[in-house]
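Remarks on the overall topology
Each chain, letter by letter, is given below.
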Amino acid sequence: MSADPAVSGISRDEVAHLARLARLAVTDAELDMFAGQLDVILGSVARVGEVAADDIPPTSHAVPLQNVFRPDELRPGLTQEQALSGAPASEDGRFRVPQILGEEA
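Residues numbered from 1 in each chain as written. Predicted model: local features only at pLDDT ≥ 70, side-chain atom pairs only at ≥ 80, totals over all residues. Heavy atoms only, no water.

Side note on the overall build of the protein
Convention followed: Going along the chain from the N terminus, every DSSP run of H or I of four or more residues is numbered as a helix, and every run of E of two or more is numbered as a strand. Partly exposed residues are those whose accessible area sits between 20% and 50% of the maximum for their type, while under 20% is buried and over 50% is exposed, using a 1.4 Å probe and protein chains only. Any pair of residues with heavy atoms lying within 4.5 Å of one another is described as a contacting pair. Only the protein chains shown count as cover for residues, and the accessible areas themselves come from Shrake-Rupley with a 1.4 Å probe.
Looking only at helices and strands, one finds three helices and two strands in the protein. Traced from its N-terminal end to its C-terminal end, the protein shows the element sequence α-α-α-β-β. When each of the 105 residues of the protein is scored for burial, the buried share is 11%. The long-range fraction of contacts in the protein, counting pairs at least 24 apart against all pairs at least 6 apart in sequence, stands at 41%. Taken as a whole, the protein presents about 9700 Å² of accessible surface, with 58% of it coming from carbon and sulfur.

What follows is the structure, encoded as structure tokens:
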């Protein structure tokens, strides 16, 4: 594909319209440059569409994925008293920590 705006599949007017929609200020030189670049991009996307065949199933990953996590199993844990036994301070069955919010003057 050519980047020459004269043979571009997207016109300067279309690029200017897109720039207005995106609220971009572009110069005349940039309109010519963007028209060529967008033409190359659109051509590349079209080529990808040609490659995708009906007999190829869609995939989300290039390689098969497998879950490596163990199944969830209920196991015994600490009681509330055991968990709080090593705490420097506790109050109402919870860890007591220094207040960090509302201290600003």
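Notes on helix 1 (residues 12–21)
Put simply, the test is: The directions from the helix axis to the C-beta atoms form the arc being described.
For helix 1, the full list of buried residues reads V15, A16 and A19. End-on view of helix 1: buried residues confined to an arc of 100°, all on one side of the axis. The exposed residues of helix 1 that point more than 90 degrees off its buried face are D13, R20 and L21. In this fold, the buried residues of helix 1 make contact with helix 2 (28–51). Note on helix 1: the residue one or two positions beyond its end, R23, has a positive phi of about 60°.

Details of the pattern of salt bridges
Defined as follows: Salt bridge, as used here: a side-chain nitrogen of Lys or Arg that lies within 4 Å of a carboxyl oxygen of Asp or Glu.
The final tally for this structure, using the stated rule, is three salt bridges. Ionic pairing is found between D32 and R12, a salt bridge with its closest N-O pair at 2.5 Å. Taken together, the positions of D32 in helix 2 and R12 in helix 1 put the pair 20 residues apart, joining distant regions of the chain.

Overview of helix 2
Counted only if it meets this: Residue count minus one, scaled by 1.5 Å, sets the expected span of a helix.
In a regular helix each residue adds 1.5 Å, so 24 residues correspond to 34 Å; helix 2 covers 35 Å between its end C-alpha atoms and thus fits that length. Regarding helix 2, the residues found buried are L31, A35, G36, D39 and G43. On its buried face, helix 2 is in contact with helix 1.

Some remarks on the nonpolar core
Selection criterion: The definition of a nonpolar core used throughout is a set of buried Ala, Val, Leu, Ile, Met, Phe, Trp, Tyr and Cys residues joined through side-chain atoms within 4.5 Å.
Among the nonpolar cores identified, the biggest contains five residues, and these are I10, V15, A16, L31 and A35. Of all the secondary structure elements, the ones that give two or more residues to this core are helix 1 and helix 2. With sequence-adjacent residues up to four places away left out, I10 is seen in contact with V15, L18, A35, L38, D39 and L42.

As for the confidence of the model for the protein
The test is simple: What pLDDT reports is the predictor's confidence in each residue, on a scale of 0 through 100.
Taken over all residues, the pLDDT of the protein has a mean of 84, while the share at 70 or more is 89%. Low confidence marks residues 1–8, where pLDDT is under 50. Its contacts with residues over four positions away, or in another chain, come to eleven contacts.

Remarks on unusual backbone geometry
The phi dihedral of R23 is positive, around 60°, even though this residue is not glycine. As for its placement among the helices and strands, R23 is situated in the loop between helix 1 and helix 2. Despite not being glycine, D92 has its phi angle at roughly 55°, a positive value. Mapped onto the elements of the fold, D92 is located in the loop between strand 1 (90–91) and strand 2 (94–95).

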